[in-house]
Amino acid sequence: IMLTLDFPGSRRLVDALDAAVGEREETAITEALRTTLCRLMRAKDVALPDCCFERASDHYARRELYRSEDLGYSVIAMTWGPGQGTPIHDHAGMWCVEGVWAGTLEITPYELVEQRDGKYRFEPRGTMNAGPGSAGSLIPPHEYHTILNPSDEAIAVSLHIYRGAMTSCAVFRPNGDGWYARDQRQLSLDRTH
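Remember, it's a predicted structure, so these values are computed and weren't measured experimentally.

Q: Is there a simple way to explain the pattern of salt bridges in this structure?
A: A side chain of one charge can pair with a side chain of the opposite charge when the charged atoms of the two come close. Inspection of the entire model under this criterion finds nine salt bridges. A salt bridge links Arg12 to Asp45, with the nearest nitrogen and oxygen atoms 2.6 Å apart. Of the two residues, Arg12 sits in helix α1 (residues 10–21) while Asp45 sits in the loop between α2 (26–43) and β1 (61–67), which places them 33 residues apart along the sequence. Using a relative accessible area of 47% as the deciding quantity, one classes Arg12 as partly exposed. Looking at Asp45, the relative accessible area reads 36%, which means it is partly exposed.

Q: Help me understand the packing of aromatic side chains, please; the structure alone is not making it clear to me.
A: We describe a pair of aromatic rings using the distance from one ring centre to the other and the angle between the two ring planes. Within the structure shown, the criterion is met by eight aromatic pairs. Where Phe122 meets Phe172, the ring centres are 4.9 Å apart and the plane angle is 70°; that geometry is what we call edge-to-face. Of this pair, Phe122 sits in strand β6 (residues 119–124) while Phe172 sits in strand β11 (residues 168–174); the two residues are 50 residues apart in sequence, bridging distant segments of the chain. Seen in terms of ring centroids, Tyr144 and Phe172 are 5.8 Å apart; in terms of plane orientation they differ by 75°. Their pairing is edge-to-face. Here the residue Tyr144 occupies a position in strand β9 (residues 144–148), and Phe172 occupies one in strand β11, the gap between them amounting to 28 residues.

Q: Would you explain the sheet that holds strand β10 (residues 156–162) in this entry?
A: Hydrogen bonds between backbone groups are what pair the strands of a sheet, and the pairing can be parallel or antiparallel. Pairing is antiparallel across the open sheet formed by five strands, whose spatial order is β1-β2-β10-β4-β8. The open sheet has two edge strands with one neighbour each: β1 and β8 (135–138). Taking the axes of each pair of neighbouring strands and ignoring which way they run, one obtains an average angle of 20° across the sheet. Two elements, strand β4 (residues 96–102) and β8, share four bridges in a ladder whose sense is antiparallel. Residue Cys96 lies in a different strand from β8, and its bridge partner there is Leu138. Here α2 sits on the sheet in contact with β4, β8 and β10, set at roughly 10° to β4.

Q: Teacher, can you tell me more about the side chain of Glu64 here?
A: Tracing the sequence through the fold places Glu64 in strand β1. Among the polar contacts listed, one links the side chain of Glu64 to the side chain of Arg67, at a separation of 2.8 Å.

Q: Please explain the pairing of strand β5 (residues 105–116) as it appears in this structure.
A: Side chains on a regular strand alternate between the two faces of the sheet. Where β5 lies against strand β7 (residues 128–130), three bridges are found, and the strand directions are antiparallel. By the bridge assignment, Ile107 is partnered in β7 with Met128. Bridge analysis of β5 against β9 gives five bridges, and the strand direction is antiparallel. What sits directly across from Glu106, in β9, is Leu148. As defined by bridge partners, β5 adjoins β6 across six bridges and the pair is classed as antiparallel. Across the sheet, residue Gln115 finds its bridge partner in β6, namely Tyr120.

Calculation rules
Residues numbered from 1 in each chain as written. Predicted model: local features only at pLDDT ≥ 70, side-chain atom pairs only at ≥ 80, totals over all residues. Heavy atoms only, no water. Salt bridge = Lys/Arg side-chain N within 4 Å of Asp/Glu carboxyl O. Helix = DSSP H or I, 4+ residues; strand = E, 2+ residues; numbered from the N terminus. Buried < 20%, exposed > 50% of the residue type's maximum accessible area, 1.4 Å probe, protein only. Phe/Tyr/Trp six-rings, centres within 6.5 Å; stacked < 30°, edge-to-face > 60°. Pairing = 2+ DSSP bridges. Axes fitted to C-alpha atoms, helices over the stretch in contact; angles between N-to-C directions. Contact = heavy atoms within 4.5 Å. Polar contact = N/O pair within 3.5 Å; in protein donor to acceptor, adjacent residues only side chain to side chain.

Have a look at this one:
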């Protein structure tokens, strides 16, 4: 086992994720992961490391907890300080399952409705407030969304399981005319201790 961090229940978490990722088809994998993640979060059998509850002052923190050498998937814990969030972004063509471990996150999926002259137009598909123990999945081409911690004071923590190591993604900047420009962003990891 190649755990970046060892923590209570880590073996149980990895065994359950390995079983889910062993499914053959993307929809079956993400459904099994979503169900597994919800069950694990609600059972309280896994205790994330303390560092996952420490916010970074100027960005949401990304900490890798595990990367499977055999199956290729990675597990990232994200810590969201009050008001921290993302622009519209994609998932580099990878499926992803995301679960809220602590706090509340505001999640807005977007549909790419038009692309022209290097510009992109999106339509929001309903915003949801996700609380602890809830999880959702993204499968390309339905991979665009924003995440925001709407709280004024509390942090939020989420767990993200990606098909592979997600080291970069596309982010979309509004042009002010309903269109967005696309930028490639390198994703870094924050320190674990």
